[in-house]
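# Fold and geometry: a report
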Amino acid sequence: MSSKHGTVALWVTMVLLFLAFLWTLNLTAFKLAARDRAEAEKENTLRELKGAIANIRTLEGLLPICLSSKKIQDQKGNWQPFEYFVRAHSEAKVTHKICPDCSKAISA
């Protein structure tokens, strides 16, 4: 009778070990899937950042500007209004307002 209990105990142990093995496989698969999702998200973010960087336009160097008219001299030597230059060399939109000092000067 003790050998029968030993055999049952052995089978129970084997089943438990097999279940532990399956659980470990499932956990490993879950970790791999999570890693794959994180890697895909990282690649997507990197692709978006590269696209954003490609759309960035910057002005560099010295910008010759007239003290009186505020026109800007381009690389060809032509003078153009500030608004035109900004529109041509950036994505910025120029609006016009009157600062408080100019408003006082106009109304005086």
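Note that the structure is predicted; figures quoted are calculated from it, not measured.

### Observations concerning the overall build of the protein
On a plain count of helices and strands, the protein comes out with three helices and two strands. Secondary structure elements of the protein occur, N-terminal to C-terminal, as α-β-β-α-α. The C-alpha atoms of the protein give 36 Å as radius of gyration, which overshoots the globular expectation for 108 residues (13 Å, by more than 25%). Along the longest, intermediate and shortest principal axes, the C-alpha atoms of the protein span 115 × 40 × 20 Å. Looking at the protein as a whole, 6% of its 108 residues are labelled buried. The contacts in the protein between residues at least 6 apart in sequence include a share of 18% that link residues at least 24 apart. Accessible surface for the protein amounts to roughly 10000 Å². Of this, 64% is attributable to carbon and sulfur atoms. Within the protein, the 10 negative side-chain charges are centred at a point lying 3 Å from the centre of the 15 positive side-chain charges.

### Some words on helix H2 (residues 82–89)
Of the residues making up H2, those classed as buried are Glu 83, Phe 85 and Val 86. The buried residues of H2 all sit within an arc of 165 degrees when viewed along its axis, so they share a single face.

About the criteria used
Every chain is numbered on its own, with residues counted from 1 as its sequence reads. Only residues with pLDDT of 70 or above have their local features reported here, since the model is predicted, and side-chain atom pairs are shown and tallied only from 80 upward, although totals for entire chains, interfaces and linings are computed over all residues. In computing side-chain properties, one takes all heavy atoms of the structure into account and sets aside hydrogens as well as water. Strands are runs of DSSP state E lasting at least two residues, helices are runs of H or I lasting at least four, and both sets are numbered from the N terminus onward. C-alpha atoms define the radius of gyration in this analysis, and the globule rule sets the expected value at 2.2 Å times the number of residues to the power 0.38. Accessible area is worked out with a 1.4 Å probe on protein chains only. A residue is then buried under 20% of its type maximum, exposed over 50%, and partly exposed in between. In what follows, residue pairs with any heavy atoms lying within 4.5 Å of each other are defined as contacts. To be clear on the numbers: accessible area is Shrake-Rupley with a 1.4 Å probe, and residue cover counts the displayed protein chains and nothing else. Positive charge is attributed to Lys and Arg, negative charge to Asp and Glu, and no charge count is given to His or to the chain ends. Here the site of a charge means atom NZ of a Lys, CZ of an Arg, CG of an Asp or CD of a Glu. Working note: the arc is built from the helix axis to C-beta atom directions.

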